[in-house]
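Spelled out, the chains give:
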Amino acid sequence: MNTGSAKWQRTLFIASFIVPTLAFFSLFTIYPVAKGLYYSLFDWSGMSQDKEFIGLDNFKALFQDPIVWRAIGNDYFLVLGKIIGIMLLATFFAVSLTRFNFKLAGFMRSIFFIPNVISVVVIGVLWSFIYNPQIGFLNAFLSLFTEDKVTIAWLGFMNHTIWMLLPPAIWAGIGFYMILLIAAIQNIPASYFEAAELEGAGQWKQFRSITLPLIWEQMKVSILNIMMTTLNGSFVIVWIMTEGGPDNSTQVMGSYLYQMAFRQYHFGFAAAIGVLILVLSLITTVVLQRLLRHETVELS
Amino acid sequence: MMIKNKFAAMSLAVVLATMTLAGCGSDKEKATDTPSTNEPAADTSTNESSGDKKLTGDFEIQYFVGGYGDKWWKKVIADFQAANPDLNIKEMSGPKINEQNKPRWIGGNPPDFVYIDGPELNDRQMVEDGQLEDLTEWLKTGTNVDGDNILDLLTQAPQQYDGKIYNIPLVLNSWGIFWNKALFKEKGWQEPQNYADFLKVSEQIKAAGVTPFIHTGKYPYYINGAVLYPAIVSANNGDFTVLQDMAANKVEAFNSPAVLGALNKIVEMRDKGFIDKASIQINHTDSQMLFLQNKDAFIPNGLWLPNEMSKDIPSGFDFGFIPSVMQDAGQKVVANTSTATVAIAKNGKNKEAAKAFLQFIFSKAQASQWAELSGSPSNIKGDISASNAPNFVKDAAKYLNDANTIVIPTITFNADVDKAMQDATDALTIAKITPEEWISRVTDVVKKVAK
């Protein structure tokens, strides 16, 4: 009897933690996702009382829409560009701020982290000004080296304007991952490096054979996180800087979803784009996790 | 034991809290679902027996607050309330009201009266969604509080959807081309009256080291509204039915020589190097700033420009305005209007009051009141010269009421077609596509939409 009551209390105790979490998770995650899936099967303007069930027609239209394909391409371009750019620079900064002792390390760490504190909206506006053809910093800087004033419209190329969104995205992302990697590197006992040095290993060898294997877990997490935040969140910087233009050349899935739902009144189609983002995120996560599977070296 | 009890109590509290929260959720569900079922309200009956109708019950007005402010709305609603003391008027307003009220429109429980302006509210879409009351019959004989026929009072006629009228334009605003009169005087440039003038003076402006023309490529509806559409009408000998046919998704209209001719004029401007290369990527504010700094001579914009930029206008800057420069010498000036309309909800509960409110606001007295309080011309014909409206509003009103101006009545394109035209115009200005490609691209979308 006594044990039964204790068991019951234990169950109640656990439930008191799980039930609220589950309730909120269902309410704020599962329910909207299910609702999104549901709406993607309808032809609905987003304002009408009536919606027409059209089965998978939205998805058929999705794959026939060239802008969707461009948006997917742009999204994966950003994912790839950001992973390469952020990981290279963040690792470089992390290693140089921890392994090479110099005076300004603490100060530099703060400087590199600042972009992470600034809201993405501000970053978008800031870089819009840098890219401004008439009063922007970039053209003014380039004009120092040329005879004529440089008047390049950095966000107005016929194609590949998406390239110009990569620098702000990378710039904004480095700080956080740098801090993550710094923490990982600082966890490595100094004796490993001392021993390696006594054996005659140079900095590069130390990095390859000690640092990299021991921070691989954190790098993996970083790469996955960059991928997920980009697929789901590239909307903000695109919307602030170009709204997907000119001529849809910088459209990503998120911005096209917004455009379709609230500017062109195709809510069902937009919901279908949402489902596409979900599916692609899941697939990419699985694929990346497989690719990054690597024997984890653990500190013992 | 005590600790155990404490935990038990706490967990119980947490569970209870979640249960109430969950309860909240389901209650909300009900709240949004039920209104559609108990639609007929009891208090809409009117006492028609006693000569003058007495309005009673609730009357809900939804109005977006944007560039025109809400001063006029507050005033006119207060006046309407004073005239109908038994009516319980509820205002639903603000810059976010369109989004906020969306669930009510979807749920079949919309406010009675709506002012269609701002984001996420599109009159054509609302008509297609069956949200607006058909006013065609009522307007045939509809008179305002003074006994004047409402349709006769309007400067620009309401847009027709398959021959039916659902919404009435309240604002009369116009797209057009601005320049700085002071700068033109100083440099000895001639203010353009037609396309030939425009090309000639642009050549001089360019030679003087100023870029002739800037627009906002981020929002290409500015150049479409102020340059392309008037150009199409001018190329069509001043006949604006071509635009109305385009808005009705008739493919032939897009293939008319007028459209190609208008597009070729934009190409000419582009190839002569008149269009500022910065245009393609900047937003309206940036383009307007460059214009105010005299870095660019002409800007396509709307009559709200002086008001919008009032804080940033340098001293000595003097706005020159013409509704369009795309007409040939001898042709009439074409003014493409920009408007905001009002309508009655099809599922509204107090249509009686909504119609009375329409009769109240479309009266001559409101013409000057709107101009004064909102800073833009009203769509109601009426002499506002004696009112306290700003000078440029009076000038614009004069322009738009002039017999030598062709006023294009308000036209809303299908949102997909509109976007396709905007994208294509942007692409055209940076030489990514040809005018023929513009047409084929847009007609592809039109065909898809018309299905």
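Reading the values: rules and limits
Residues numbered from 1 in each chain as written. Chains lettered and ligands numbered in written order. Predicted model: local features only at pLDDT ≥ 70, side-chain atom pairs only at ≥ 80, totals over all residues. Heavy atoms only, no water. Helix = DSSP H or I, 4+ residues; strand = E, 2+ residues; numbered from the N terminus. Buried < 20%, exposed > 50% of the residue type's maximum accessible area, 1.4 Å probe, protein only. Contact = heavy atoms within 4.5 Å. Areas by Shrake-Rupley, 256 points an atom, 1.4 Å probe, with all protein chains shown as cover. Lys, Arg positive; Asp, Glu negative; His and termini not counted. Charge placed at Lys NZ, Arg CZ, Asp CG, Glu CD. Pairing = 2+ DSSP bridges. Right-handed = clockwise from strand over helix to strand, strands pointing away. UniProt positions renumbered as here; feature names shortened; annotations may be inferred. Core = buried A, V, L, I, M, F, W, Y, C linked by side-chain atoms within 4.5 Å. Buried area = accessible area lost by both parts, 1.4 Å probe. Salt bridge = Lys/Arg side-chain N within 4 Å of Asp/Glu carboxyl O. Polar contact = N/O pair within 3.5 Å; in protein donor to acceptor, adjacent residues only side chain to side chain. Nonpolar A, V, L, I, M, F, W, Y, C, P; charged D, E, K, R; others polar.

Draft legend 1. Quick peek at the overall build of chain A. Across its full length, chain A holds 11 helices and 2 strands. Helices and strands appear in chain A in the N-to-C order α-β-β-α-α-α-α-α-α-α-α-α-α. Considered along the principal axes of its C-alpha atoms, chain A spans approximately 90 × 75 × 30 Å. By residue count, 45% of the 300 residues in chain A fall in the buried class. A separation threshold of at least 6 residues defines the contact pool for chain A, and within that pool the share at least 24 residues apart is 68%. Working note: accessible area of chain A is about 16,400 Å², and carbon and sulfur atoms make up 69% of it. The averaged location of the 16 negative side-chain charges in chain A is 9 Å from the averaged location of its 17 positive side-chain charges.

Draft legend 2. Main features of the pairing of strand β1 (residues 57–64) of chain B. Residue and element names in this part refer to chain B. Of all 8 residues in β1, 7 are buried, a share of seventy percent or more. As defined by bridge partners, β1 adjoins strand β2 (residues 87–94) across 8 bridges and the pair is classed as parallel. Bridged to D58 within β2 is N88. Taking the sense of rotation as the criterion, the β-α-β connection linking β1, helix α2 (residues 71–83) and β2 turns out right-handed.

Draft legend 3. Examining the UniProt feature "domain: ABC transmembrane type-1" (unreviewed entry) in chain A more closely. If you check UniProt for "domain: ABC transmembrane type-1" (unreviewed entry), the listed places come out as residues 72–288 of chain A in our numbering. Helix and strand shares over residues 72–288 of chain A are 75% and 0% respectively, and the end C-alpha atoms of the span are 17 Å apart.

Draft legend 4. Here's a closer look at the nonpolar core. Residue and element names in this part refer to chain A. Counting 68 residues, the largest nonpolar core has L62, M178, M253 and I273 as the members making the most contacts within it. Only α2 (57–64), α3 (66–99), α5 (120–131), α7 (166–186), α8 (190–198), α9 (203–241), α10 (253–263) and α11 (267–291) provide two or more residues apiece to this core. If you tally residues by element for this core, the top one is α9, at 15 residues. Once you skip the residues sitting within four places of it in the chain, L62 turns out to touch V68, F269, A272, I273 and L276.

Draft legend 5. How the structure looks around the environment of P230(B). Inspection of the secondary structure puts P230(B) in helix α10 (residues 221–235). For P230(B), a relative accessible area of 0% puts it in the buried group.

Draft legend 6. Molecular detail of the interface of chain A and chain B. Contacts between the two partners involve 44 residues from chain A and, on the opposite side, 43 residues from chain B. Summed over the three residues of chain A that lose the most area to chain B, namely M47(A), D247(A) and Y265(A), the buried surface amounts to 20% of that side. In this structure, the connection of chain A to chain B is made through 2 salt bridges. Salt-bridge contacts for D247(A) lead to K432(B); the nearest nitrogen and oxygen are separated by 3.2 Å. In this structure, the connection of chain A to chain B is made through 16 residue pairs in polar contact (both at pLDDT 80 or more). Listed by contribution, the elements that provide at least two residues to the side of chain A that touches chain B are α1 (2–39), α5, α9 and α10 of chain A. Looking at which element gives the most residues to the side of chain A that touches chain B, the answer is α1(A), with 8 residues. Of the residues assigned to the side of chain A that touches chain B, the class counts are 24 nonpolar, 17 polar and 3 charged.

Draft legend 7. Representation of the UniProt feature "transmembrane region" (unreviewed entry) in chain A within the structure. UniProt marks residues 12–34, 76–98, 110–130, 162–185, 223–242 and 262–288 of chain A with the feature "transmembrane region" (unreviewed entry), using the numbering shown here. Summarising residues 76–98 of chain A: 100% helix, 0% strand, and an end-to-end C-alpha distance of 32 Å.

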